[in-house]
Amino acid sequence: MTAWCSSERQREQGNETVTKVAEETNRHTISVLVDNEAGVLARVIGLFSGRGYNIESLTVAEVNPHENLSRITIVTSGTRLIIEQIKNQLRRLVPVHRVRDLTLEGPHVSRELALVKVAGTGEKRVEALRIADVFRARTVDTTNESFVFEVVGSTDKVCAFIKLMESLGLVEVSRTGVVAIARGTNPL
Amino acid sequence: MAQQDSLTGAEILLKALADQGVEVIFGYPGGAVLPIYDELFKQNRLRHILVRHEQAAVHAAEGYARSTGKVGCVLVTSGPGATNTVTGLTDALMDSIPLVCITGQVPTHLIGNDAFQEADITGITRPCTKHNYLVKDPNQLSRVIHEAFHVARSGRPGPVVVDLPKDVVQARGEYQPLAKVTPKYRPQVKGDTASIEKAVEIIAQAKRPMFYCGGGIVNSGPAACQLLTQLVRTTGYPITLTLMGLGAFPASDPLFLGMLGMHGTYEANLAMHDCDVMVNIGARFDDRVTGRVNAFSPDSYKIHIDIDPSSINKNVVADLSIVGDAAHILEEMIAIWRAKQYRADERALRAWWQRIDTWRSRNCLHYENSTRIIKPQFAIQRLYELTKDRNPYICTEVGQHQMWSAQHFRFERPNHWMTSGGLGTMGYGLPAAMGVQVAHPEALVIDIAGESSIQMNIQEMATLCQFHLPVKVFILNNQYMGMVRQWQELIHGGRYSQSHMDAHPDFVKLADAFGAVGLRAEKPGELDDVITEMIAVDRPVIADIRTDASENCFPMIMPGMAHNEMVLGPEDRCMEKPGSEDDGMVLV
Ligand SMILES: Cc1cc2nc3c(=O)[nH]c(=O)nc-3n(C[C@H](O)[C@H](O)[C@H](O)COP(=O)(O)OP(=O)(O)OC[C@H]3O[C@@H](n4cnc5c(N)ncnc54)[C@H](O)[C@@H]3O)c2cc1C
Ligand SMILES: Cc1ncc(C[n+]2csc(CCOP(=O)(O)OP(=O)(O)O)c2C)c(N)n1
Ligand SMILES: [Mg+2]
């Protein structure tokens, strides 16, 4: 039984209003600045699997070669207290420099990119191309029977695009997962 | 780099350990660490205690660390040597014990090849260490060692592994002195003053206050224990300690209600349940302590002080939380209490103490003694009475004997009680006692053991004999895995599945075979003589105390029950409401 289950149980009996807020499960986008060193990703992923937290998406890349820093963007979901635990557990890792909850800390933009392969001929092929145009997806590969589209946007937009392609000969999808950044002048 | 300025990796390692003030290392050699052992051979400064199993090296380092407040140090070889440390590392992680464990590794060019005695030890130990390192460059070695010690002892302490490939230990590199290394890991030690002020104000207004403190006070150090004692005495409020906290506040003080939790006292648990302000300092709301979480101290305002933010709101939601080191925060709390001239609400406090005294008068640790057969509680009491003047260090294994020790031995000072709380590792006590004795050669060090647990690391008797470590092993021999038998009796309908061992060694002969002294007591009348002789002998001793096999450890909060639903004794089986297995406290 994971730790968060017990706290959930406790909250069931707790103060009514607190219960409601705490019980709600929300999706959060968390940015983590880490040393770019061997094993750091394994530490973060191991933390999530070991403690039974969700990972909806996780992306990582080096963002500051001078200071050897990488940025990890994690989309996760949980109650308020679980999200708080996740952030505190992340902060406990020695190579972690900063943890920010973009969802809580004001407006931010988040994007992901998907490559979507669609095969078909005739009317369906035309329709796929038309929808790609509406979504401002780029065609990055084409044969007589197929396209590969590159679509960029919010997770919702990417999902909507893929859904529409399902009936038009969707073959496979490759997605980057979410990257996100706060609006305005301040860095992480 | 000039060849004459550089050192081999092994030389760098020993120099770094010396700079860190390491005096003793618990270890076991093997191919991957032979260059390090060669270097050890050439010097006299660093003492090496050769254990008989690597798990024991880690527990010994834990005992050393817990009894001194220093970082314990371990050295083992690659592959099986390293994997044997996993239980010890996990134990140290759960109980917040600072360790640095150096593991050998196959040469860097062989890593990933399934080389002889290769194990991915940074991978294996990632979830059971506070942090770990694989060193690939001898020029980084000294920095990593210094950082490892810093991480192990700072913030919430814990074990750190440094994996050293053989070629790195043999290559030459440059040494970076400690002064030149500035670690980036900087946990918060000072608490937020506004929150501390608010906490003190709420504490001063409490009508039914309760201090609930734990191992974090011991981690923080003797100063924190003194400050805690001062604060509690200034307020006149009751205090309870967790298993890990015993000794942080003197047991003889009437303000101390004893340990709380599953096998805690009636008065401590009821006071926790009924208090209106709970002050948790350095305890982590473990499920053995809270019982059923949704019935845990339902009406109290909870203040939680902990150095690790992730301890807060993990199991129990705090109304006010302060992140920082216990000693720092306690000092500020006392200063604020004085400056604002706070006073406890005397009338309310008197009424509260009256209720507590009624609970106390139940005398929940009472047991029916016997003249025929040695009751385990009686054995602990006699051990306490006959040794207390010597201020002994007590280690335990895991089981009923551990709980009876916690209940009946009384600790006046911190760092004198070494037990495996979070992981509950049978086999912890004997090697831990070994480490304590290494740190305190003149002290009386006792491992209170069960006959089953002791067999998990009994091989360390040989280490005790080799290094003239006169540890006393005091076995409460009930012929059973008593704690398992107790659960089977109370919860599994008396079906004693695999909790009885039909064959035990003759512990007296076994002691003899190791070159130690074996003693035995079978009747209550023999007990004092055996204890007296055990203390008098200046050699390792195994005392085989034959105790009542059917005795159970009470009080007990059954799994899934609340603090106010304790079972006080065999005649008090209030089992109408068997708890759900999902509600915590489900493991022996
Ligand atoms: C058979 C068995 C039965 C048990 N029964 C009981 C029982 O009845 N009662 C009981 O209490 N336990 C019992 N335990 C032990 C239990 O499992 C836990 O190990 C124990 O309760 C935890 O103690 P603690 O809360 O003091 O935390 P610890 O594990 O000692 O953790 C220390 C806490 O303090 C914090 N900390 C560390 N350093 C500092 C600092 N410098 N300043 C401030 N905070 C700091 C840490 O972050 C952590 O949150 C039992 C164990 C076994 C094996
Ligand atoms: C390594 C390990 N294996 C299993 C257990 C489960 N366990 C807890 S107590 C216990 C029995 C201990 O028996 P003994 O050492 O004789 O102590 P007693 O309870 O009889 O005092 C067992 C098997 C454990 N805690 N540790
Ligand atoms: Mg036993």
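Structure first, text after, so check above.
Report follows, based on the coordinates. Only a predicted model underlies this, so the values are computations on that prediction, with no experimental measurement involved. (Residues numbered from 1 in each chain as written. Chains lettered and ligands numbered in written order. Predicted model: local features only at pLDDT ≥ 70, side-chain atom pairs only at ≥ 80, totals over all residues. Heavy atoms only, no water.)

We now examine the pattern of salt bridges. Scanning the entire structure with this criterion turns up 29 salt bridges over all chains. In this structure, the salt-bridge partner of Glu-127 of chain A is Arg-130 of chain A, at a minimum N-O distance of 3.2 Å. Linking Glu-127 of chain A with Arg-130 of chain A, this pair stays in helix α5 (residues 122-134), spanning 3 residues, or about one helical turn. You can call Glu-127 of chain A partly exposed: its relative accessible area is 25%. With relative accessibility at 47%, the residue Arg-130 of chain A sits in the partly exposed group. Arg-520 of chain B serves as the salt-bridge partner of Asp-544 of chain B, at 3.0 Å between the closest nitrogen and oxygen. Here Arg-520 of chain B lies in strand β19 (residues 517-521) and Asp-544 of chain B lies in strand β20 (residues 541-546), a separation of 24 residues in the sequence. Residues joined by salt bridges that share partners form a network here, namely Asp-506, Arg-520, Asp-544 and Arg-546 of chain B. (Salt bridge = Lys/Arg side-chain N within 4 Å of Asp/Glu carboxyl O. Helix = DSSP H or I, 4+ residues; strand = E, 2+ residues; numbered from the N terminus. Buried < 20%, exposed > 50% of the residue type's maximum accessible area, 1.4 Å probe, protein only.)

Within the protein, the magnesium ion (ligand 3) binds to Glu-451 of chain B (OE), Glu-451 of chain B (OE), Asn-478 of chain B (OD1) and Tyr-480 of chain B (O); these donor distances fall in the range 2.1 to 2.6 Å. One can describe the donor arrangement at the magnesium ion (ligand 3) as irregular, given that its 6 donor atoms subtend angles of 52 to 174° at the metal. (Donors = N, O, S within 2.8 Å, 3.2 Å for Na, K, Ca; no water. Tetrahedral: all angles 85-135°; square planar, octahedral: opposite > 155°, others 65-115°.)

The α-helix advances 3.6 residues per turn, and as a result positions three or four apart in sequence lie on the same side. All names here are of chain B. The end-to-end C-alpha distance of helix α3 (residues 54-68), which contains 15 residues, comes to 21 Å, matching closely the 21 Å that a straight helix rising 1.5 Å per residue would cover. The buried fraction of α3 amounts to 14 of the 15 residues, a majority that puts the element mostly inside the structure. After α3 finishes, the residue Gly-69 shows a positive phi value of roughly 80°. (Expected span 1.5 Å × (residues − 1).)

Turning our eyes to something else, we now look at the packing of α5 of chain A against helix α6 (residues 155-166) of chain A. Residues and elements named next belong to chain A. In the contact formed by α5 and α6, the axes pass within 10 Å of each other and the chain directions differ by 170°. Here α5 lies roughly antiparallel to α6, going by the angle between them. Listed contacts from α6 to Ala-128, Ile-131 and Ala-132 of α5 are Phe-161, Leu-164 and Met-165. For the contact of α5 with α6, the residue count by class is 6 nonpolar, no polar and no charged. (Axes fitted to C-alpha atoms, helices over the stretch in contact; angles between N-to-C directions. Parallel < 35°, antiparallel > 145°, perpendicular 65-115°, else oblique. Contact = heavy atoms within 4.5 Å. Nonpolar A, V, L, I, M, F, W, Y, C, P; charged D, E, K, R; others polar.)

The next point concerns the pairing of strand β9 (residues 209-213) of chain B. Residues and elements named next belong to chain B. When you tally the buried positions in β9, you get 5 out of 5 residues, the bulk of the element. Both faces of β9 are covered, namely the face carrying Pro-209, Phe-211 and Cys-213 and the face carrying Met-210 and Tyr-212. Where β9 meets strand β12 (residues 277-281), 5 bridges bridge the pair, whose relative direction is parallel. Its bridge partner being in β12, Phe-211 is matched across the sheet by Val-279. Bridge count between β9 and strand β10 (residues 239-241): 3 bridges; the pairing is parallel. When the sheet's bridge partners are listed, Phe-211 is paired in β10 with Ile-239. (Pairing = 2+ DSSP bridges.)

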